[in-house]
Amino acid sequence: EKGGYDYFMLKEIAEQPKAVADTLRGRLTEAGEITLDEVRLSDQDLRDVDKIFIVACGTAYHAGLVAKYAIEHWTRIPCEVELASEFRYRDPVLDRSTLVVAISQSGETMDTIMALRHAKVQKARVLAISNTNGSTIPRESDAVLYTHAGPEVAVASTKAFLTQLVACYLVGLHLAQVRGIKYADEVGAVVAQLQAMPSKVDEVLATMEPVRELGRSLGSARSVLFIGRHVGYPVALEGALKLKELAYMHAEGFAAGELKHGPIALIDDGTPVICVLPSPRGRAVLHDKMISNIQEVRARGARVVAIAEEGDTAVAPHADHVVYVPRTPTLLAPLVTTVPLQVLAAEIAATRGHDVDQPRNLAKSVTVE
Ligand code: F6R
């Protein structure tokens, strides 16, 4: 059932091109409109939305952090992302023009369910993104978009994360279309870019052998840091979470710009720092700043692993290892840059002799608060 892989997680990593393609399939009508699965909200309700809150836990929260960049860019609606477990306790400002997006693979995460219920009591509209048909979160929501990742067996989330990203992009594009704002014109182009992603993820998977080798050499690191900017920041958080969960190592993700405000003190001779670079073509300023951050950590002895776009010639002189991923529009890049980090975490965990599918102390679905 593991299809020739040592662990379900590796099988699920390999299934990501299909999971992304399946989540995109059938979402576009002949008129070029993006459709959700169940919508108990009118287009007028969606036009009235003046604020979005994304609530989720763990990996799903990281998908939400990426979504904020895309949704605000395409819709111009302010979007906040919050850990579901924190949301209701700070008395968030919600009303019927607030859209709360609850992201949950299982659809049964109690923290997320309670956040959703709190939102509904305050009359907010709730849209669910879930991988589990008919689970509690979609059932209690006003609208649903299902991810089609298929069952995820490994405790650490991989293919569900990529499909959550896709679903978030679709929600952003759908909102842009319904509201008919300026970026609605871009929707077709973005959909075409999304449709190219399964084969790009495939390309990444085909080049993972050096990453596995690198993983085997990192097994004895005391601590691993991950840095990124823009959408590379949530990718860094996700890379660090995977490593904590699977390898039981100290790992932390930072916004690269925050390094100098404290975390750079952590860097010691040989500390691995995984750097998620943006495309040098898209946001040149961000790219330049990442190169400076890489130089800063390297000057303090870091062992730099860069995740960079093919054709990025600026990074290699400053890095100990570069993992190249295919050229991708900036907002969609997490679909490719996350994959090497998943592979790295699985390989480091296996090198340290841990059960990659069943990490200690963790459950697949967290149904208690
Ligand atoms: C990380 C992981 C967890 C889940 C989190 C939310 O690999 O699996 O962080 O992402 O518990 O679970 P769902 O998405 O089912 O609400």
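Residues numbered from 1 in each chain as written. Predicted model: local features only at pLDDT ≥ 70, side-chain atom pairs only at ≥ 80, totals over all residues. Heavy atoms only, no water.

### Quick notes on the nonpolar core
- Grouped together as the largest cluster of nonpolar side chains are 91 residues, with contacts concentrated most on Ile-52, Ile-54, Tyr-169, Phe-226 and Leu-243.
- Here the element with the most residues in this core is helix 8 (residues 159–179); it accounts for 13 residues.
- Dropping the residues within four chain positions of it, Tyr-169 is found in contact with Val-66, Ala-70, Trp-74, Leu-194, Leu-331, Leu-332, Pro-334 and Leu-335.
- Within the second largest apolar cluster, 20 residues are counted, among which are Leu-259, Val-304, Ala-308 and Ala-319. (Core = buried A, V, L, I, M, F, W, Y, C linked by side-chain atoms within 4.5 Å. Buried < 20%, exposed > 50% of the residue type's maximum accessible area, 1.4 Å probe, protein only. Helix = DSSP H or I, 4+ residues; strand = E, 2+ residues; numbered from the N terminus. Contact = heavy atoms within 4.5 Å.)

### Notes on the sheet that holds strand 11 (residues 321–325)
- If you trace the five strands from one edge of the open sheet to the other, you get 8-7-9-10-11, paired in parallel fashion. The open sheet has two free edges, formed respectively by strand 8 (250–255) and strand 11, since each of these has just one partner strand. In this sheet, adjacent strand axes meet at a mean angle of 15 degrees when their direction is disregarded.
- Where strand 7 (residues 223–228) lies against strand 9 (residues 272–276), four bridges are found, and the strand directions are parallel. Bridge pairing in strand 9 links Gly-228 to Val-276.
- Packing against the sheet, helix 13 (residues 284–299) makes contact with strand 7, strand 9 and strand 10 (303–309), and its axis sits at approximately 175 degrees to strand 9. (Pairing = 2+ DSSP bridges. Axes fitted to C-alpha atoms, helices over the stretch in contact; angles between N-to-C directions.)

### What to know about the packing of aromatic side chains
- Tallied over the entire structure, the rule returns two aromatic pairs.
- Relative to Phe-87, the ring of Phe-53 lies with its centre 5.5 Å away and its plane at 65 degrees, an arrangement referred to as edge-to-face. Highlighted residues: Phe-53 in strand 2 (residues 51–56) and Phe-87 in helix 5 (residues 84–87), separated in sequence by 34 residues.
- With a centroid separation of 6.0 Å and an interplanar angle of 65 degrees, the aromatic rings of Trp-74 and Tyr-169 are classed as edge-to-face. Linking Trp-74 in helix 4 (residues 58–75) with Tyr-169 in helix 8, this pair joins segments that are 95 residues apart in sequence. Take Trp-74 and Tyr-169: they sit in the same class, and that class is buried.
- In this arrangement the basic side chain of Arg-360 is found over the ring face of Tyr-248, its NZ or CZ atom lying 3.9 Å from the centre. (Phe/Tyr/Trp six-rings, centres within 6.5 Å; stacked < 30°, edge-to-face > 60°. Lys NZ or Arg CZ within 6 Å of the ring centre and 35° of its normal.)

### So, unusual backbone geometry
- In this structure, Arg-76 is a non-glycine residue whose phi angle is positive, near 60 degrees.
- Counting through the fold element by element, Arg-76 comes out in the loop between helix 4 and strand 3 (79–83).
- The backbone of Asp-91 sits at a positive phi, close to 55 degrees, despite the residue not being glycine.

### What to know about the packing of helix 12 (residues 232–247) against helix 14 (residues 334–351)
- Running from N to C, helix 12 and helix 14 point in directions that differ by 20 degrees, and their axes come no closer than 9 Å. Taken together, the axes of helix 12 and helix 14 lie roughly parallel to each other. Considering only the axes of helix 12 and helix 14, their crossing is right-handed. Here Val-235, Glu-238, Gly-239, Lys-242, Leu-243, Leu-246 and Ala-247 of helix 12 come into contact with helix 14, specifically with Pro-334, Thr-337, Thr-338, Leu-341, Ala-345, Ala-346, Ile-348 and Ala-349.
- Of the residues belonging to the contact of helix 12 with helix 14, the class tally is 10 nonpolar, three polar and two charged. (Parallel < 35°, antiparallel > 145°, perpendicular 65-115°, else oblique. Left-handed = near helix turned anticlockwise from the far one by under 90°. Nonpolar A, V, L, I, M, F, W, Y, C, P; charged D, E, K, R; others polar.)

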